[in-house]
Amino acid sequence: MLNQPFDETLSMLGVVPDTRAGIIHEQMAALKNGSAQQDMDLSALLAEIIEHGLLHAVYQPIIAMRSGDIVGYEGLIRGPIESPLHMPGWLFKTAKRNGLTGVIERLSREIVAQTFVGMGLQGKLFLNVSPDVFTQCSAHNGDIVAYLKQIGLSPQTVIIELTENQPINDLEKMREAVLYYRKLGFEVAIDDLGEGFASLRLWSELRPEFVKIDKHFIQGVSQDPIKLEFVKAIQQISACCGSKVIAEGIETLQDFRVVRDIGITYGQGYFIARPNARPPAEPNEEARLALKADGIAVYPGFENAGNRSANARKLLIETRPVSPETVNDDVCEIFNDNPNLISIPVVNKDTPVGLIHRYNLIDRFARPFRRELYGRKPCTMFMQGSPLIVEHDLSFEKLSALVVDGDPRYLTDGFIITENGRYLGVGTARDLIREITQMQINTARYANPLTLLPGNVPISEHAERLLNAGASFCACHFDIDNFKPFNDVYGYFKGDEIIRLVGHLLLQHCNPERDFIGHIGGDDFVVMFQSQDWEKRCREVLEQFGLQVQTLLCKKDRMRGGFVTEDRRGQETFYPFPSLSIGAVMVHASELATHLDVSVAAADAKRQAKRIEGNSLFIERRNVIGAASREPASMSSA
């Protein structure tokens, strides 16, 4: 319907354009040509829309994330095509400005419900309702139920979706409205969880049957570990309180896979199907293929995530400032009443102008007659007039550089935090150091500092996810041969280069959406492949390693094919170029129970690979439990 001519759209809605509707048509045509944009009277257009019912409905499917079945549709309203009130944002904004929100909402609900019935759509109908309209006493008079009965739609089919586009000031009234509608047979959903004014509190108070996670947290969840943790937390809370979660705004295959693997019950978004006047009976083909695909998504890692997302706002201490006219005696009393307060900001009309440090003021007042002389003087005389002022979104990395490289007093005085130049609060260097230290500890737990690849904790977690999902995968253990003697000859710097080379090759030849790369430590890596062509990828890594590792050796060693160093007995020994050994084992959930079992099986295959000369791949082709004999497959690069 969105792409059909205006008159045809009205005809489908059962609306016959009259002279006044024709005027709207002419206005919209003029607007399209750019000649009447400034003259368009939105209020008059809204009146025409209401009088002639010039609204139409579109529907977006909501599917079960496991089966792909469509469980319902969200009904959305659109104004006249090509008019400035076509999209709901401008439509409802204009309605609110004219005091017609209730009228336009009622008209929208009736059109959405009537069209839903007329098209014979199956499943639940999600109807958007604003909190103000939802709690109006007049809405409790049974008109909605009577209208639904008239068109043949039962309340049990309808989900009232509360939009959070305004603050909710009366929670008790909201609870009463929820109870009222539940008695009539309706269920309730909260829209845009995580966005708006008080959605989490609303969830706790109203206990809705459905909660919809705001699209901000869904879009990019496959790349952002912070969003991932938020969505996982919502899923866990929902499991405790009995709500069903709907992830809205799914727009990519990667986000779809992550949402599915987290265990979110329902999904909605462009990747599944776009809003349409004639909604599809099943998801898009790409979504259907994703539902049938085996395996699990590779979650985004926390390596360096904290460094990217942490900023000055995390250090914010909301300290009440003083004005430049405040006298020193009053500042001293503030310090006496707040023993933990290090400094007090001086702010003039929301603009910070300085900091007063506790010990600076006390030191001045401790001298003979100073308090008597200066106690009633403005505090600006003891103020540091050039404090460090930073914006709230400044990263920890840049903030720490300013503190360390700047005036030494920043370490004791701290800094002022602003938003668009307006005072927010203060921060201390001590808190900054504490946060950076904690981030470094977390990074050490989750990522290897040399390659920044996931470390032991995420490696174990991903293996457990694969096993719990019943996914088949190939676990490969990568190890560098002759690494220690190479370090003895060329030093640790060159040794680190070889380790980084392996990490780079794995990133280059693995599929980040299907294959998990981990750095166990030292010269040991692990890859859990879900890519079907994993063997080809391994051989490509071996080939490239064999070529590139030679560039790290001196010309003399390259000419003779290796290097000489003393062994443990002090005897000179010749060692070939460092090579790469890969032990591969196919893992099935029925064979291995825990990530420790996977680790042992892959390490055993790696030991077999190291018995093969040169760059080698050993594939465990027998049952990984109790394999008695093995036949190696090897590859040596020239």
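Placed above this text is the structure.
No experiment lies behind these values; they were computed from the predicted model shown.

Novice: Is there a simple way to explain the overall build of the protein in this structure?
Specialist: When you go through the protein residue by residue, the secondary structure sums to 25 helices and 20 strands. Expressed as a percentage of contacts within the protein between residues at least 6 apart in sequence, the contacts between residues at least 24 apart total 68%.

Novice: For this particular structure, what's the right way to read the environment of Pro 352?
Specialist: Topologically, Pro 352 is positioned in strand S10 (residues 351-357). Placed 37 residues apart in sequence, Pro 352 and Ile 389 show a C-alpha to C-alpha distance of 8.0 Å. If we skip the residues at most four places from it in the chain, Pro 352 touches Val 346, Val 347, Ile 389, Ile 416, Thr 418, Gly 421 and Tyr 423.

Novice: Mind showing me how you'd approach the packing of aromatic side chains here?
Specialist: Any aromatic ring pair is given by two values, namely how distant the centres are and how the planes are angled relative to each other. Going through the model one piece at a time under the given rule, you end up with 15 aromatic pairs. Feature note: the residues Phe 134, Tyr 180, Tyr 181 and Phe 186 constitute an aromatic cluster, connected by ring pairs. In this structure, Lys 93 packs its charged tip against the face of Trp 90, placed 4.8 Å from the ring centre. The cationic tip of Lys 212 hangs over the ring face of Phe 126; the distance from NZ or CZ to the ring centre is 5.7 Å.

Novice: Honestly, the sheet that holds strand S15 (residues 516-521) in this entry has me stumped. Any pointers?
Specialist: In a beta sheet, neighbouring strands are held together by backbone hydrogen bonds and run either parallel or antiparallel to one another. Taken in spatial order, the five strands make up an open sheet running S15-S16-S14-S19-S20, and their pairing is mixed. Looking along the sheet, the strands with just one partner apiece sit at the ends: S15 and strand S20 (616-620). On average, each strand axis in the sheet is tilted by 20° relative to the strand beside it, whichever way the strands run. Sheet topology places S15 next to strand S16 (residues 524-529); five bridges connect them, and they run antiparallel. By the bridge assignment, His 519 is partnered in S16 with Phe 525. Each of strand S14 (473-481), S16, strand S19 (579-587) and S20 is contacted by helix H25 (residues 595-610), which is oriented at about 140° to S19, the strand it contacts most.

Novice: For this particular structure, what's the right way to read the nonpolar core?
Specialist: The nonpolar side chains of soluble globular proteins are, as a tendency, buried together. Membership of the largest hydrophobic core comes to 71 residues, with the highest contact counts inside it found for Phe 134, Ile 250 and Phe 256. Tallying contributions element by element places helix H5 (residues 101-119) first for this core, with six residues. Setting aside residues up to four positions removed in sequence, Ile 250 forms contacts with Met 65, Ile 218, Asp 255, Phe 256, Val 259, Gly 267, Gln 268, Gly 269, Tyr 270, Phe 271 and Ile 272.

Novice: Honestly, H5 in this entry has me stumped. Any pointers?
Specialist: For an α-helix, 3.6 residues make a turn, and residues three or four places apart therefore share a direction. For H5, spanning 19 residues, the distance from its first C-alpha to its last is 27 Å, which sits close to the expected 27 Å at 1.5 Å a residue. Along H5, the positions that sit buried rather than exposed are Ile 104, Glu 105, Leu 107, Ser 108, Arg 109, Ile 111, Val 112, Ala 113, Thr 115 and Phe 116. At the exit of H5 stands Gly 120, carrying a positive phi of roughly 70°.

Novice: Before we go on, may I ask you to explain helix H3 (residues 42-52) in this structure?
Specialist: Of the residues making up H3, those classed as buried are Leu 42, Leu 45, Leu 46, Glu 48, Ile 49 and His 52. Take H3 and look down its axis: the buried residues cluster within an arc of 160°, on one side only. Positive phi shows up at Gly 53, right after H3, with a value of about 60°.

Novice: Whenever I open this one, the environment of Val 103 confuses me. Can you help?
Specialist: On the secondary structure map, Val 103 appears in helix H5. On the basis of relative accessibility, which here comes to 41%, the residue Val 103 falls in the partly exposed class. With 30 residues separating them in the primary sequence, Val 103 and Val 133 have C-alpha atoms 9.5 Å apart.

Novice: Where do I start with the pattern of salt bridges in this structure?
Specialist: Charged atoms that come close allow side chains of opposite charge to pair. In the structure shown here, the tally under the stated rule is 31 salt bridges. We note a salt bridge from Asp 479 to Lys 610, for which the minimum N-O separation is 2.7 Å. Placement of Asp 479 in strand S14 and of Lys 610 in helix H25 is noted, with a sequence separation of 131 residues between them. Using a relative accessible area of 34% as the deciding quantity, one classes Lys 610 as partly exposed. Across the pair Arg 537 and Asp 533 runs a salt bridge whose closest N-O atoms are separated by 2.9 Å. For Asp 533, a relative accessible area of 33% corresponds to the partly exposed category. Because the salt bridges share partners, they merge into one network encompassing Glu 74, Glu 161, Lys 212 and Glu 248.

Reading the values: the criteria
Residues numbered from 1 in each chain as written. Predicted model: local features only at pLDDT ≥ 70, side-chain atom pairs only at ≥ 80, totals over all residues. Heavy atoms only, no water. Helix = DSSP H or I, 4+ residues; strand = E, 2+ residues; numbered from the N terminus. Contact = heavy atoms within 4.5 Å. Phe/Tyr/Trp six-rings, centres within 6.5 Å; stacked < 30°, edge-to-face > 60°. Lys NZ or Arg CZ within 6 Å of the ring centre and 35° of its normal. Pairing = 2+ DSSP bridges. Axes fitted to C-alpha atoms, helices over the stretch in contact; angles between N-to-C directions. Core = buried A, V, L, I, M, F, W, Y, C linked by side-chain atoms within 4.5 Å. Buried < 20%, exposed > 50% of the residue type's maximum accessible area, 1.4 Å probe, protein only. Expected span 1.5 Å × (residues − 1). Arc of directions from axis to C-beta. Salt bridge = Lys/Arg side-chain N within 4 Å of Asp/Glu carboxyl O.

Honestly, it's all geometry; don't read function into it.
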